[in-house]
Amino acid sequence: MERIRNLAKNIWKNRMIYTLLLPGLIWYIIFAYGPMGGLTLAFKTYKANLGIWGSPWCGFENYVYVFRDPSFLASVWKTLYINVGRVLAGFCAPIILALMLNEIRLNATKKLFRRWLRSRSFCHGLWYPVS
């Protein structure tokens with residue numbers, strides 16, 4: 001009992017720090033733990049009139065249905081292909097570009113290219129207008 005009393009005193013003494021913690025904690029509860037109830041839908045035969053909690057359990061039937069679909073493997077390979085392309089474009093390409101810029105001998109030209117490349121990230125809408 002003494003331990004709980006000391007904890008309560010400590011929390012009350014540092015209540016301003018705990019108040020700063022409150023918005024992040026509320027956000028985490030709403031957006032990280034709130035959707036966990038919906039994850040049970042993967043194992044249920046959903047009926048709209050019964051809701052999430054009233055729908056009957058079907059086990060792994062939904063997964064068996066998805067894995068037996070002929071287009072499942074094609075979609076997995078396409079997803080892997082896209083992600084490998086993103087890694088190459090988002091990780092390898094900037095490193096190669098930086099190495100190429102480093103090989104430019106004229107400082108004025110190097111500065112011009114650097115400014116142009118940086119301006120593209122700051123003024124994204126100007127370079128790629130939304131249609």
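Quick caveat: nothing in here was measured; it's all calculated off a predicted structure.

K.L.:
Where do I start with the overall build of the chain in this structure?
P.N.:
Counting its secondary structure elements, the chain contains 7 helices and 0 strands. In sequence order, the chain lays out its α and β elements as α-α-α-α-α-α-α. For 131 residues, the compact-globule estimate of 2.2 N^0.38 gives 14 Å, and the chain exceeds it by more than 25% at 27 Å. Along the longest, intermediate and shortest principal axes, the C-alpha atoms of the chain span 70 × 60 × 30 Å. The burial tally for the chain puts 6% of its 131 residues in the buried class. In the chain, the proportion of contacts linking residues at least 24 apart, taken out of those at least 6 apart, comes to 0%. Counting every atom, the chain has about 12,100 Å² of accessible surface; 70% of that belongs to carbon and sulfur. The chain carries 17 positive and 4 negative side-chain charges, and their two centres are separated by 15 Å.

K.L.:
Could you clarify how one ought to interpret the packing of aromatic side chains in this entry?
P.N.:
To describe a pair of aromatic rings, one takes the distance between the centres and the angle between the planes. If you walk through the whole model with that rule in mind, you get 7 aromatic pairs. Ring geometry for tryptophan 27 versus phenylalanine 31: centroids 5.6 Å apart, planes at 45°, classification tilted. Taken together, the residues tryptophan 27 and phenylalanine 31, both in helix H2 (residues 15–33) and 4 residues apart, mark about one turn of the helix. Residue tryptophan 27 is classed as exposed on the basis of its relative accessible area, which comes to 51%. Through successive ring pairs, a cluster of aromatic residues spans Phe43, Phe60, Tyr63, Phe67 and Phe72. Sitting over the ring of tryptophan 12, arginine 15 keeps its end group 4.3 Å from the ring centre. Here lysine 44 stacks its cationic end above the ring of tryptophan 57, 4.7 Å away from the centre of that ring.

K.L.:
Before we go on, may I ask you to explain a positive patch on the surface in this structure?
P.N.:
On the surface, Lys111, Arg114, Arg115 and Arg118 cluster together to form a positively charged patch. On the basis of relative accessible area, arginine 118 is assigned to the exposed category, the value being 53%.

K.L.:
Got a minute to help me understand the side chain of serine 55 in this structure?
P.N.:
Mapping serine 55 onto the fold places it in the loop between helix H3 (51–54) and helix H4 (61–67). A distance of 3.0 Å separates a polar atom in the side chain of serine 55 from the backbone nitrogen of lysine 47. At 2.6 Å, the side chain of serine 55 and the backbone oxygen of glycine 51 are in polar contact. With sequence-adjacent residues up to four places away left out, serine 55 is seen in contact with Lys44, Thr45, Tyr46, Lys47 and Leu50.

K.L.:
I keep staring at the pattern of salt bridges and nothing clicks. Help me out?
P.N.:
Side-chain pairing between opposite charges can occur once the charged atoms of the two side chains come close. Taken as a whole and assessed by the stated rule, the structure comprises 1 salt bridge. Here glutamate 2 and arginine 5 are joined by a salt bridge, their closest N and O atoms 3.5 Å apart. Highlighted residues: glutamate 2 and arginine 5, both in helix H1 (residues 2–13), separated by 3 residues, approximately one helical turn. Taking the relative accessible area as the measure of exposure, glutamate 2 reaches 47% and is therefore partly exposed.

Procedures and definitions
- Residues numbered from 1 in each chain as written.
- Predicted model: local features only at pLDDT ≥ 70, side-chain atom pairs only at ≥ 80, totals over all residues.
- Heavy atoms only, no water.
- Helix = DSSP H or I, 4+ residues; strand = E, 2+ residues; numbered from the N terminus.
- Rg over C-alpha atoms; globule rule 2.2 N^0.38 Å.
- Buried < 20%, exposed > 50% of the residue type's maximum accessible area, 1.4 Å probe, protein only.
- Contact = heavy atoms within 4.5 Å.
- Areas by Shrake-Rupley, 256 points an atom, 1.4 Å probe, with all protein chains shown as cover.
- Lys, Arg positive; Asp, Glu negative; His and termini not counted.
- Charge placed at Lys NZ, Arg CZ, Asp CG, Glu CD.
- Phe/Tyr/Trp six-rings, centres within 6.5 Å; stacked < 30°, edge-to-face > 60°.
- Lys NZ or Arg CZ within 6 Å of the ring centre and 35° of its normal.
- Patch = residues over 30% accessible without salt bridge, like charges linked within 9 Å, V, L, I, M, F, W, Y side chains within 5 Å.
- Salt bridge = Lys/Arg side-chain N within 4 Å of Asp/Glu carboxyl O.
- Polar contact = N/O pair within 3.5 Å; in protein donor to acceptor, adjacent residues only side chain to side chain.

Honestly, that's just the spatial picture; any functional story needs more than this.
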